[in-house]
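In case you want the letters, here they are:
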There are 2 protein chains.
Amino acid sequence: MQFSVTILGSNSALPTSGKYPTAQVLNASERFFLIDCGEGTQMQLRKNRIKFSRINHIFISHLHGDHCFGLIGLISTYSLLGRTSDLYIYGHSDLEAVFAPQIKYFCPNLKYNVIFIPVDVEKSEVIFEDSAVEVSTIPLLHRKPTCGFLFKEKERERHIIRDAVDYYKVPVKELPRIKKGGDYISWEGTFVKNSLLTKPSSPPRSYAFCSDTAFCESIVPLIEGVDMLYHEATFSLSDKKLARETFHSTASEAAEIALKANAKKLLIGHFSTRYKDTNLLLNEAKNIFSNVSKATEGDIFEVPLKFP
Amino acid sequence: MQFSVTILGSNSALPTSGKYPTAQVLNASERFFLIDCGEGTQMQLRKNRIKFSRINHIFISHLHGDHCFGLIGLISTYSLLGRTSDLYIYGHSDLEAVFAPQIKYFCPNLKYNVIFIPVDVEKSEVIFEDSAVEVSTIPLLHRKPTCGFLFKEKERERHIIRDAVDYYKVPVKELPRIKKGGDYISWEGTFVKNSLLTKPSSPPRSYAFCSDTAFCESIVPLIEGVDMLYHEATFSLSDKKLARETFHSTASEAAEIALKANAKKLLIGHFSTRYKDTNLLLNEAKNIFSNVSKATEGDIFEVPLKFP
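Rules and cut-offs
Residues numbered from 1 in each chain as written. Chains lettered and ligands numbered in written order. Predicted model: local features only at pLDDT ≥ 70, side-chain atom pairs only at ≥ 80, totals over all residues. Helix = DSSP H or I, 4+ residues; strand = E, 2+ residues; numbered from the N terminus. Contact = placed C-beta atoms within 7 Å. Buried ≥ 20, exposed ≤ 12 C-beta atoms within 10 Å, placed from the backbone. Pairing = 2+ DSSP bridges. Axes fitted to C-alpha atoms, helices over the stretch in contact; angles between N-to-C directions. Core = buried A, V, L, I, M, F, W, Y, C linked by C-beta atoms within 7 Å. Least-squares fit on C-alpha atoms with pLDDT ≥ 70 in both. Domains from an automatic or database assignment. Right-handed = clockwise from strand over helix to strand, strands pointing away. Left-handed = near helix turned anticlockwise from the far one by under 90°. Nonpolar A, V, L, I, M, F, W, Y, C, P; charged D, E, K, R; others polar. Parallel < 35°, antiparallel > 145°, perpendicular 65-115°, else oblique. Arc of directions from axis to C-beta. Expected span 1.5 Å × (residues − 1).

Q: Can you walk me through the overall build of chain A in this structure?
A: A tally of regular secondary structure across chain A gives nine helices and 18 strands. Taking as baseline every contact in chain A between residues at least 6 positions apart, the subset at least 24 positions apart corresponds to 64%.

This is how it looks when you write it as structure tokens:
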């Protein structure tokens with residue numbers, strides 16, 4: 001089961017050649033979540049060979065153009081492709097107010113529902129859940145109401161040890177209970193501890209997306225121990241004042257958050273176009289937190305399964 | 001003085017990898033006109049190294065998304081770049097109704113004016129004019145109210161023959177009149193015909209943009225003798241029925257228009273994604289009109305000056 005994020009766009013607001021504004025796709029156990037949707041997202045989906053039809057849930061961090069101008073094009077393309085299944089879009093309540101009139105004008109004969117799910121960006125709460133994955137909000141600190149998103153796999157059931165189950169002659173109907181951690185008592189009264197019958201499954205994996213935000217320590221407990229953290233790193237240390245003024249972060253601040261939250265890996269992006277060589281930002285982050293990568297268009301970052 | 005069109009996007013509605021929806025930039029004597037503005041136009045401007053600040057006039061043929069979804073991103077980027085000069089956008093009156101609310105929401109502190117010029121797409125009239133260039137509308141036949149645009153250089157003044165002017169001792173103050181075609185009578189009464197004093201200048205060049213449209217012969221007199229014609233060619237001959245139903249043209253029909261209008265050169269584009277090899281469409285057009293090229297992203301087509 002995959003758990004990987006594909007970077008479709010990682011630029012800050014101003015486009016540069018070959019770069020795109022923010023958009024990512026998380027493949028969490030074959031659920032494809034689109035995170036932010038800057039202009040050109042649909043072209044980038046195509047280029048990265050991600051099937052449009054796999055996406056049913058779109059999460060928009062905030063209503064700055066470089067995070068949502070690609071929405072109307074994508075919605076329109078879905079219509080041309082004959083989509084019929086519901087499309088859920090999570091974000092600030094303004095999202096529907098701004099995009100519903102556009103949908104009405106440009107896609108009058110939509111054959112599928114676009115369902116806007118308003119999100120309270122000021123508190124952390126679960127906004128999506130299915131049998132395998134849970135998504136919750138991460139309140140951020142920006143010029144517009146903004147939240148990040150934490151994607152977490154749910155605990156998996158324990159793995160049955162086939163030989164042990166055969167040896168203790170455990171009836172099949174007992175297995176669902178045992179997979180959940182239950183012990184077994186045979187009809188003769190033999191007590192068999194669960195740990196003799198099962199192995200623990202791989203621990204759930206997690207991904208946190210935090211863009212755009214000023215340095216915001218209050219997110220640390222929300223993302224504690226996260227496997228992979230994307231945190232914006234718009235500015236260099238030397239432009240800290242600018243970061244403050246614009247409610248963005250420096251690369252060092254992104255790394256500090258990763259360190260404090262015990263993240264396993266950090267991805268940084270949303271670099272200001274003022275830096276010709278963004279390795280400057282990478283190195284600033286590495287001074288604080290070693291496992292950092294730049295998120296670049298086309299990159300795929302995976303969190304592998306851990307078999308303990 | 002250049003007269004050339006750069007193709008930024010030439011795809012039909014559905015995006016494919018590396019292709020963009022319709023957008024072109026015409027450089028007419030150093031005036032840069034943006035024609036249509038599909039999603040990703042600003043990235044394509046960047047890629048093709050066209051300075052954003054050179055564009056002051058944008059012409060939108062119609063309000064299908066693949067011809068205008070890039071507008072809001074471009075307007076927003078202009079704002080971030082600190083633009084102060086007026087931006088004129090010509091198109092159907094709905095354009096302002098649809099885009100003004102978006103501008104208000106996403107670019108609340110715009111430091112420049114976006115001036116929407118409503119266009120009556122049902123008649124041919126001059127909608128822009130300066131000292132060197134004139135732009136007029138070409139009513140087209142599509143599912144939404146649509147017009148093409150004809151860009152024409154104005155007649156240039158005749159070139160002075162320096163030796164002749166010296167020989168006849170023509171005073172400097174007479175030259176502006178003579179450049180306009182006037183004859184010269186000296187103070188002694190000598191009559192000098194204009195053709196002895198001047199050479200004709202290069203004839204004005206012209207470019208017609210016609211997308212999207214069903215086969216529409218009524219445009220022929222409007223574009224008679226045009227130097228370069230872009231005409232959509234969405235379908236192959238074998239899909240003529242589909243062309244009828246969707247109010248698009250076949251490649252042969254585009255060529256037929258070029259032939260009837262005595263166009264010097266034809267560009268075709270807006271190909272349906274159903275054709276794996278678009279040379280099929282090129283060849284169908286070539287069967288009728290020889291000087292055809294496919295308009296592909298990054299292509300620059302120039303109409304050179306003719307010195308008769």
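Q: Which parts of the structure should I look at to understand the interface of chain A and chain B?
A: By a frequent convention, interface size equals the accessible area lost on bringing the separate parts together. Counting from both sides, the interface comprises 25 residues of chain A and, opposite them, 25 residues of chain B. Elements represented by at least two residues in the side of chain A that touches chain B include exactly helix H1 (41–47), helix H2 (71–80) and helix H3 (94–106) of chain A. Examining the composition of the side of chain A that touches chain B, we find that five residues originate from one element, H2(A), more than from any other.

Q: How do you make sense of the pairing of strand S15 (residues 228–232) of chain B when you look at a structure like this?
A: Along a regular strand, successive side chains alternate from one face of the sheet to the other. All names here are of chain B. The buried count for S15 comes to five of five residues, which makes it a mostly enclosed element. Here S15 shows a buried face lined by Met228, Tyr230 and Glu232 and a second buried face lined by Leu229 and His231. The pairing of strand S14 (residues 206–210) with S15 spans four bridges and is classified as parallel. Across the sheet, Tyr207 pairs through a bridge with Met228, a residue of S15. In terms of strand pairing, S15 meets strand S16 (residues 265–269) through five bridges, oriented parallel. Looking across to S16, one finds that His231 is bridged to Ile268.

Q: Quick question: what am I supposed to make of the sheet that holds strand S5 (residues 87–91) of chain B here?
A: Residue and element names in this part refer to chain B. Taking strand neighbours across the sheet as the criterion, the seven strands line up as S6-S5-S4-S3-S2-S1-S18 in an open arrangement whose pairing is mixed. Across the chains shown, the open sheet's two edge strands, defined by having one partner strand only, are strand S6 (114–118) and strand S18 (300–302). Here the average twist between neighbouring strands, direction ignored, is 20°. Strand direction decides the pairing type here: strand S2 (residues 23–28) and strand S3 (residues 31–37), joined by six bridges, are antiparallel.

Q: Explain the nonpolar core here, please?
A: If you look at soluble globular proteins, the nonpolar side chains tend to sit buried side by side. Core analysis: the largest hydrophobic core is formed by 147 residues, its most contacted members being A:Leu229, A:Leu266, B:Leu229 and B:Leu266. Leave out the neighbours within four places in its chain, and A:Leu229 touches A:Ala208, A:Cys210, A:Ile223, A:Ala258, A:Ala261, A:Ala263 and A:Leu266.

Q: Would you mind going over the relation of the copies chain A and chain B with me for this structure?
A: The two chain copies are related to each other by a rotation about an axis together with a translation along it. Structural alignment of chain A on chain B gives an RMSD of 0.1 Å, achieved by rotating through 180° and translating 0.1 Å along the axis. Here the symmetry operator amounts to a two-fold rotation axis. Residues of chain A ranked by C-alpha distance from the rotation axis are headed by A:Gly40, positioned 2.7 Å from it. Comparing interface residues between copies, 100% of those in chain A also lie at the interface in chain B; the contact surface is shared.

Q: Whenever I open this one, the sheet that holds strand S3 (residues 31–37) of chain A confuses me. Can you help?
A: Sheets are built from strands that pair by backbone hydrogen bonding, the pairs being arranged parallel or antiparallel. Residue and element names in this part refer to chain A. Pairing within the open sheet is mixed, and its seven strands lie in the order S6-S5-S4-S3-S2-S1-S18. Here the strands that pair on one side only, and so sit at the sheet edges, are strand S6 (114–118) and strand S18 (300–302). Taken over all neighbouring pairs, the strand axes of this sheet differ in orientation by 20° on average, direction set aside. Relative to S6, strand S5 (residues 87–91) runs parallel, the two being bridged by five bridges. Counted as the bridge partner of Leu87 is Val114 from S6.

Q: How should I be thinking about the domain arrangement of chain A in this particular structure?
A: If you check the domain split of chain A, you get domain 1 (3–156 + 202–302) and domain 2 (159–198). The C-alpha centroid of domain 2 of chain A is placed 43 Å from the C-alpha centroid of domain 1 of chain A.

Q: So what exactly am I meant to see when it comes to the pairing of strand S16 (residues 265–269) of chain A here?
A: Residues and elements named next belong to chain A. Judged by how many residues are buried, S16 sits mostly within the fold: four of five residues are covered. Two elements, S16 and strand S17 (residues 292–294), share three bridges in a ladder whose sense is parallel. Bridge assignment links Leu267 to a residue of S17, and that residue is Ser293. In the classification by handedness, the crossover that spans S16, the intervening helix H9 (residues 279–286) and the parallel S17 is right-handed.

Q: Would you mind going over the packing of helix H8 (residues 251–260) of chain A against H9(A) with me for this structure?
A: Helix packing geometry: the angle between the two helix axes and the distance between the axes. Residues and elements named next belong to chain A. Packing of H8 against H9 leaves a shortest axis separation of 8 Å and a crossing angle of 35°. When you trace H8 past H9, the crossing you get is right-handed. Only Leu281, Glu284 and Ala285 of H9 make contact with H8, whose side of the interface consists of Ala251, Ser252, Ala254 and Ala255. Residue classes in the contact of H8 with H9 are distributed as five nonpolar, one polar and one charged.

Q: Any chance you could explain the packing of helix H2 (residues 71–80) of chain B against helix H3 (residues 94–106) of chain B here in plain terms?
A: Residue and element names in this part refer to chain B. Orientation of H2 relative to H3, taken along the N-to-C sense of each, is 40°, at an axis distance of 10 Å. Classified by the angle between their axes, H2 and H3 sit oblique to one another. Helix-helix and strand crossings are classified by hand; for H2 and H3 the assignment is right-handed. Together, Leu71, Ile72, Ile75 and Ser76 of H2 and Phe99, Gln102, Ile103 and Phe106 of H3 make up the contact between the two elements. Classifying every residue of the contact of H2 with H3 gives six nonpolar, two polar and no charged.

Q: Help me out: how do you make sense of helix H9 (residues 279–286) of chain B in this one?
A: Note on helix geometry: an α-helix contains 3.6 residues per turn, so any two residues three or four positions apart are oriented the same way. All names here are of chain B. The complete set of buried residues in H9 reads Leu281, Glu284 and Ala285. Angularly, the buried residues of H9 cover 100° about the axis, an arc narrow enough to put them on a single face. Each element contacted by the buried residues of H9 is listed here: helix H8 (251–260), S16 and strand S17 (292–294).

Q: How should I be thinking about the environment of B:Thr246 in this particular structure?
A: Residues and elements named next belong to chain B. Its location among the elements puts Thr246 in helix H7 (residues 240–246). A count of 18 C-beta atoms within 10 Å places Thr246 in the partly exposed class. Thr246 sits 33 residues away from Thr213 along the chain, and the two C-alpha atoms are 9.1 Å apart.

Q: So what exactly am I meant to see when it comes to the environment of A:Ala97 here?
A: Of note, A:Ala97 is situated in helix H3. Considering only alpha carbons, one finds A:Ala97 and A:Glu155, 58 residues apart in sequence, at a separation of 37 Å.

Q: For this particular structure, what's the right way to read H3(B)?
A: Residue and element names in this part refer to chain B. With 13 residues, H3 extends 19 Å from end C-alpha to end C-alpha; this agrees with the ideal 18 Å at 1.5 Å per step. When H3 is considered as a whole, its buried residues turn out to be Leu95, Phe99, Gln102 and Phe106. As for H3, its buried residues are in contact with H2, S5 and S6.

Q: Help me out: how do you make sense of unusual backbone geometry in this one?
A: Peptide bonds are, in most cases, trans, and in most cases residues other than glycine have a negative phi. Residue A:Ser211 is joined to A:Asp212 through a cis peptide bond whose omega torsion reads -5°. Inspection of the secondary structure assignment puts A:Asp212 in the loop between strand S14 (206–210) and strand S15 (228–232). Positive phi, close to 55°, is recorded for A:Asn262, a residue that is not glycine. Along the chain, A:Asn262 turns up in the loop between H8 and S16. Exposure remark for A:Asn262: the 11 C-beta atoms within 10 Å place this residue in the exposed category. Positive phi values are uncommon outside glycine, yet B:His270 reaches one of about 60°. By the secondary structure assignment, B:His270 is in the loop between S16 and H9. The buried category is assigned to B:His270, around which 26 C-beta atoms lie within 10 Å.

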